[in-house]
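For reference, the chains in residue letters:
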Amino acid sequence: MIILKIGGSALTIKDANKPTIDEINLDRIVKEISVYNQDMIIVHGAGSYGHIYATEYSIGSKIENEEDNTAKIEGFCKTQSSVQLLNNIFCSKLQELGVPAIGLQASSFITTLDKRIDNCNLDVIKEYLKKGFVPVLYGDPVLDHNDEIKYAILSGDQIITYLAEKLNPNKVILSSDVDGIYTDNPKTNPNAKLIDIVTKDTKLSLTDDKNQADITGGMAGKVNELLNLAKYGIESQIINAEKPGNIELAVSGQKVKGTIIK
Ligand code: IPE
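This write-up is about the structure you can find in this document.

1. So, the overall build of the protein
For the protein, the helix and strand inventory stands at eight helices and 12 strands. The C-alpha radius of gyration computed for the protein amounts to 18 Å, which stays within 12% of the reference 18 Å derived for 262 residues, consistent with globular compactness. Projecting the C-alpha coordinates of the protein onto the three principal axes gives extents of approximately 50 × 45 × 35 Å. Expressed as a percentage of its 262 residues, the buried residues of the protein come to 50%. At a minimum sequence separation of 6, the contacts of the protein that also span at least 24 residues come to 73%. Separation between the mean location of the 28 positive side-chain charges and that of the 35 negative ones in the protein comes to 6 Å.

What follows is the structure, encoded as structure tokens:
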């Protein structure tokens, strides 16, 4: 079984001012996924379908008063409907290509405590897998047991780490918009070199270049989550979803250029 993460920036135009699909990427990615030849769980991000509302209503920040709570409930509902719509679009496209994609809404069976998953029953996911479905989860607002915040945004990255720890997949694949982990920011430093394998002993140097924060800053967080998985013996790989063919190679069990974390 593999777990595949598709970032919200691959499926949507992430910096648009309203929820907007990246039609060309979406069509290509679902086509590439449809050649899969092993059990698979897909987790996708929210992109402009989630971040706009989550930010507007500051979901996950401390509740100031009753009025703020009412506003956050409204924002929670709007965010949840919006990301559900993205999941519907994504799953329908996969179904058109013969993939039995079944959308599963994290907010209906997962809660958090201080923004980390504290309650999640995986029986249904296991049963769907056993019966040959492809469960498709996604970043979603969820209820949080800390009464100071009450609501949290659960990212796709946290979902994959949790699922991987509990379900012990053969491989976890995270698609991104760069080839993997570099010695420096590949978008600004032409001499940056791709690192093939990262282990807990690899020294990763991050400069404080502002432009780098988005890529390596985001990457550093991912790498930490993935190094945790490596402790359980689960290998993961970061690959570039923007390069046509990469996802197809990954879901059909073939070698792809990227960084392996083990
Ligand atoms: C965010 O999920 C979920 C919401 C904003 C509701 P992710 O953090 O996984 O989404 P991307 O990949 O950054 O878009």
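Structure's up, so let's keep going.
2. Section: the layout of surface pockets
A volume near 860 Å³ is recorded for the largest pocket. Those elements giving two or more residues to the lining of the largest pocket turn out to be α1 (8-11), α3 (51-56), α4 (66-96), β7 (140-144), β8 (151-154), α6 (156-167), β9 (171-176) and α7 (213-231). With five residues, α7 is the single largest residue contributor to the lining of the largest pocket. Along the lines of polarity and charge, the residues of the lining of the largest pocket split into 11 nonpolar, 13 polar and nine charged.

3. Some points on the packing of aromatic side chains
Within the structure shown, the criterion is met by two aromatic pairs. Between the aromatic rings of F76 and Y151, the centroid separation amounts to 5.8 Å while the plane-to-plane angle is 70°, which identifies the pairing as edge-to-face. Of this pair, F76 sits in helix α4 while Y151 sits in strand β8, and the two are 75 residues apart along the sequence. When sorted by exposure, F76 lands in the same class as Y151, which is buried. With centroids separated by 4.9 Å and ring planes inclined at 75°, the aromatic side chains of Y128 and F133 adopt a geometry described as edge-to-face.

4. As for the sheet that holds strand β4 (residues 110-113)
Strands sit in the order β5-β4-β7-β8 across an open sheet of four strands; the sheet is mixed. The two strands at the open ends of the sheet, each matched to only one other strand, are β5 (116-120) and β8. If you compare each strand with its neighbour and ignore which way they point, the axes differ by 45° on average. As paired strands, β4 and β5 are joined by four bridges and run antiparallel to one another. Across the sheet, residue T112 finds its bridge partner in β5, namely I117. On the sheet, α4 packs against β7 and β8 and is oriented at approximately 140° with respect to β7. Contacting β5 and β8, α6 runs over the sheet at an angle of about 55° to β5.

5. Remarks on the pattern of salt bridges
Summed over the entire model, instances satisfying the criterion amount to 10 salt bridges. When the shortest N-O distance is used, the salt bridge between K257 and D179 registers 3.4 Å. Of this pair, K257 sits in the loop between α8 (246-251) and β12 (259-261) while D179 sits in the loop between β9 and β10 (197-198); the two residues are 78 residues apart in sequence, bridging distant segments of the chain. A relative accessible area of 51% places K257 in the exposed class. Taken together, the shared-partner salt bridges connect E127, K130 and K131 into one network.

6. Here's the deal with the pairing of strand β6 (residues 134-138)
The buried count for β6 comes to five of five residues, which makes it a mostly enclosed element. By the alternation rule, side chains of β6 split into V134, V136 and Y138 and P135 and L137, which are all buried. Sheet analysis places strand β2 (residues 40-44) next to β6, joined by three bridges and oriented parallel. Among the inter-strand pairings, H44 is bridged to a residue of β6, identified as Y138. By the bridge criterion, three bridges tie strand β3 (residues 101-103) to β6 in an arrangement that is parallel. Paired with A101 across the strands is V134, a residue of β6.

Calculation criteria
Residues numbered from 1 in each chain as written. Predicted model: local features only at pLDDT ≥ 70, side-chain atom pairs only at ≥ 80, totals over all residues. Heavy atoms only, no water. Helix = DSSP H or I, 4+ residues; strand = E, 2+ residues; numbered from the N terminus. Rg over C-alpha atoms; globule rule 2.2 N^0.38 Å. Buried < 20%, exposed > 50% of the residue type's maximum accessible area, 1.4 Å probe, protein only. Contact = heavy atoms within 4.5 Å. Lys, Arg positive; Asp, Glu negative; His and termini not counted. Charge placed at Lys NZ, Arg CZ, Asp CG, Glu CD. 1 Å grid on protein atoms, 1.4 Å probe; cavity = no way out; pocket = protein on both sides within 12 Å on 5 of 7 lines; lining within 4 Å. Points joined across faces, edges and corners; volume = space filled by probe spheres on them. Nonpolar A, V, L, I, M, F, W, Y, C, P; charged D, E, K, R; others polar. Phe/Tyr/Trp six-rings, centres within 6.5 Å; stacked < 30°, edge-to-face > 60°. Pairing = 2+ DSSP bridges. Axes fitted to C-alpha atoms, helices over the stretch in contact; angles between N-to-C directions. Salt bridge = Lys/Arg side-chain N within 4 Å of Asp/Glu carboxyl O.

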